[in-house]
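One letter stands for each residue in the lines below.
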Amino acid sequence: MTYRSGFLPQPVVRFTGQRDATGDLREGFLTSFVNVSRVQPIQCIDDYGGILDGWLSVLSRLGFHARHIGINGKLAVWRRRQVEGITLRFNHLDLPLGDIVLLWNADNPARMAVDLGTGLERLAWARTRLRWRDLVFGRFVALASPPTLDAVRTATLLLAHGVRPAARGAGGITRRVIGTIDPGAVKLGVSSLVRASYRYWRLFGEPKVPWPAVTTAIEENWGI
C-alpha cells in the first residue's frame, strides 16, 4: 500500500546522531532535523537509475556540480524481516549528504521501491559551507551551549505538535529532551529561541499548539 510518494519533507527526532568524546553531537548532526526523502514504488531496476539521475539534476540546480558528487556503497544485499535491499551513499566533496536505497519484498522481488533521503540542514551546510552551529542556531549560538540549543529546538517541535511531557511513551521523549536543557538558560527565559525554532518548524506543517504554550510547557517542567 502506497500512502504518499515523491519528495517528502518530514521533521523527525532521532537520538542516533554521532557524538564526540564529551558526548556532544558532532558537526552535521542534530536531534531534530528535516528529512527530505523520495519514497516511490518502481517497476524495474532502470527506474532506480532514473531516480538517481533525477536526484543529480536536483542537486545541480541547488548548486552542487555533478563532478563533485560521489556515490559509494556495497552491493551486498541486507535483509530486515520481510524486506531486502541495497544501500548507496552520496556525498559532495568530503561531506556525506544522504543515501538512496533500493528495496524489495523478499518473497516477491518484483515489488520494489526506492527510498532516497537527505537532511535539509545538511544540504544547506554543504551548499553554504558556513560553520555548522552558526547555520543551525544563528544569533543564539553565543548565548547558550549547543546541547541546550539543540534541546530547545527539539522540544519546540515535539510540544508544538502536542507531544507533552509524560512518564512514558512519546511524552517520555519530550520529558527526556527538556531534561537536557541547562536550568540556567530556562531561568533567563527561552521564548526567543522557541519563537525562532517555531517559525522554522512551521515551514513544514502547521503546529497544533501556539508558541507561548510551548514556552510555558518548557519553563513549567523546570518549575520556573
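Since the model is a prediction, treat every value here as computed from it, not as a measurement.

For the rest of this paragraph, the subject is the pattern of salt bridges. Per the counting criterion, the structure on display carries five salt bridges. Residue E84 is joined to R79 by a salt bridge in which the shortest nitrogen-to-oxygen separation is 3.6 Å. For E84, a relative accessible area of 19% gives the class buried. Residue class for R79 comes out exposed when judged on its relative accessible area of 52%. Linking R153 and E121 is a salt bridge whose minimum nitrogen-to-oxygen distance equals 2.8 Å. With a gap of 32 residues between them, R153 in helix α4 (residues 146-160) and E121 in helix α2 (residues 120-128) connect regions that are remote in the sequence.

Note that T156 resides in helix α4. In contact with T156, other than residues within four places in its own chain, are V194, S197, Y198, W201 and V214.

Judged by nonpolar contacts, the single largest core of 47 residues is most densely connected at I42, Y48, I100, L159, I181, V214 and I218. Ranked by residues supplied to this core, first place goes to α4 with seven residues. Beyond its immediate chain neighbours, meaning those up to four positions away, Y48 contacts I42, L88, I100, V101, L102 and V114.

Two elements in contact, α4 and helix α5 (residues 170-179), have axes whose closest approach is 9 Å; the angle formed by their N-to-C orientations is 155 degrees. Between α4 and α5, the angle falls in the class roughly antiparallel. When the axes of α4 and α5 are compared, the crossing they make is left-handed. Residue-level contacts link A151, T154, A155, L158 and L159 of α4 to I173, T174, V177 and I178 of α5.

As a further point, take unusual backbone geometry. The backbone of R81 sits at a positive phi, close to 55 degrees, despite the residue not being glycine. Mapped onto the elements, R81 comes out in the loop between β3 (69-80) and β4 (83-92). One non-glycine residue, R129, adopts positive backbone phi at about 60 degrees. Counting through the fold element by element, R129 comes out in the loop between α2 and α3 (132-137). The exposure class assigned to R129 is partly exposed, which follows from its relative accessible area of 44%.

So, about the packing of α4 against helix α8 (residues 211-221). Where α4 meets α8, the closest approach of the two axes is 9 Å, and the angle between their N-to-C directions is 120 degrees. Crossing hand, α4 versus α8: right-handed. Residue-level contacts link A155, T156, L159 and A160 of α4 to V214, A217 and I218 of α8. In terms of residue class, the contact of α4 with α8 is built from six nonpolar, one polar and no charged.

Right, let's get into the packing of aromatic side chains. A complete count under the given rule lists five aromatic pairs for this structure. Residues Y200 and W201 carry aromatic rings whose centres are separated by 5.2 Å and whose planes lie at 65 degrees to one another, so their mutual orientation is edge-to-face. Grouped by ring-pair contacts, the aromatic residues F7, W55 and F90 constitute a single cluster. A cation over an aromatic ring shows up here: R80 above the ring of W78, its NZ or CZ 4.5 Å from the ring centre. Sitting above the plane of the W211 ring, R195 keeps its charged end 5.1 Å from the centroid.

The rules behind these values
- As a convention, each chain's residues are numbered from 1 in the sequence order in which they are written.
- At least 70 in pLDDT is required for a residue's local features to be given in this predicted model, at least 80 for side-chain atom pairs to be given and counted, and no such filter applies to totals for whole chains, interfaces and linings, which use all residues.
- Side-chain measures were taken over the full set of non-hydrogen atoms in the model, leaving aside hydrogen atoms and water.
- By convention in these notes, a salt bridge is any Lys or Arg side-chain nitrogen within 4 Å of a carboxyl oxygen on Asp or Glu.
- Burial classes follow relative accessibility: with a 1.4 Å probe on protein chains only, a residue under 20% of its type's maximum area counts as buried, one over 50% as exposed, and anything between as partly exposed.
- Every helix listed is a DSSP run of H or I at least four residues long, and every strand listed is a run of E at least two residues long, numbered separately from the N terminus.
- In what follows, a contact means two residues having at least one pair of non-hydrogen atoms within 4.5 Å.
- Only buried Ala, Val, Leu, Ile, Met, Phe, Trp, Tyr and Cys residues count toward a nonpolar core, and they belong to the same one when joined by side-chain atoms within 4.5 Å.
- Whenever a helix is involved, its axis is fitted only over the stretch in contact; in every case the axis is a line through C-alpha atoms, and angles between N-to-C directions fall within 0 to 180 degrees.
- We call two directions roughly parallel when the angle between them is under 35 degrees, roughly antiparallel when it is over 145, roughly perpendicular when it lies between 65 and 115, and oblique otherwise.
- In this scheme, a crossing is called left-handed if the near helix is turned counterclockwise away from the far one by less than a right angle; it is called right-handed if the turn is clockwise.
- Residue polarity follows a fixed list, in which Ala, Val, Leu, Ile, Met, Phe, Trp, Tyr, Cys and Pro are nonpolar, Asp, Glu, Lys and Arg are charged, and the others, Gly among them, are polar.
- Two rings belonging to Phe, Tyr or Trp (six-membered ring only in the last case) form a pair when the distance between their centres is within 6.5 Å. Interplanar angles under 30 degrees mark stacking, angles over 60 mark edge-to-face geometry, and anything in between is tilted.
- Charge over a ring is defined by NZ of Lys or CZ of Arg lying within 6 Å of the ring centre and within 35 degrees of the ring normal.

Note that all results are geometric; they support no functional claim without further evidence.
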